[in-house]
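Chain by chain, the residues run as shown.
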Amino acid sequence: FFAFSIFGRKVPLSAWLSAVAAFLGTTLVALDDQAGVPPNVGDLLSLMAAAASAMFILRLETFACATDPKAVNAVSTLSVALLCLPW
C-alpha cells in the first residue's frame, strides 16, 4: 500500500493479496469476541508497528543498493539496541 500510494511503485497482485490476507488475519485476532476483550490500544499499537515496519523496509530498499549490506545491518541492529536500553 505504501509503495503504491507514497512512492508510486507498481505493486504486483500477489503482494496486494498477501497484504489483504495479513490485514484480515490481524482483524480476526483483534476482533475475537470469544476472548471477551474488545479492541484496545494494544491492537492499534500493533497495527502502527506493522505500518512502521513496512515503511522501514521501503526506505531501506533505497539505501541498500548504495551501501554495504553489513554496515546497514550493523547500524540497524545498533540503533534498535540503543533505543531499547531505556526500556
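Described in the following lines is the structure provided in the data block. Here the structure is a predicted model, which means the values were calculated and not measured.

Along its length, the protein chain carries four helices and zero strands. When the helices and strands of the protein chain are read in sequence order from the N terminus, they spell out α-α-α-α. Taken along its principal axes, the extent of the C-alpha atoms in the protein chain is 50 × 40 × 20 Å. Looking at the protein chain residue by residue over its 87 residues, the buried ones come to 5%. Surface summary for the protein chain: the accessible area is close to 7200 Å², and the carbon and sulfur share equals 74%. Taking the average place of the 4 positive charges on the side chains of the protein chain and the average place of its 5 negative ones, the gap between the two points comes to 20 Å.

Thresholds, definitions, all that
- Residues numbered from 1 in each chain as written.
- Predicted model: local features only at pLDDT ≥ 70, side-chain atom pairs only at ≥ 80, totals over all residues.
- Heavy atoms only, no water.
- Helix = DSSP H or I, 4+ residues; strand = E, 2+ residues; numbered from the N terminus.
- Buried < 20%, exposed > 50% of the residue type's maximum accessible area, 1.4 Å probe, protein only.
- Areas by Shrake-Rupley, 256 points an atom, 1.4 Å probe, with all protein chains shown as cover.
- Lys, Arg positive; Asp, Glu negative; His and termini not counted.
- Charge placed at Lys NZ, Arg CZ, Asp CG, Glu CD.

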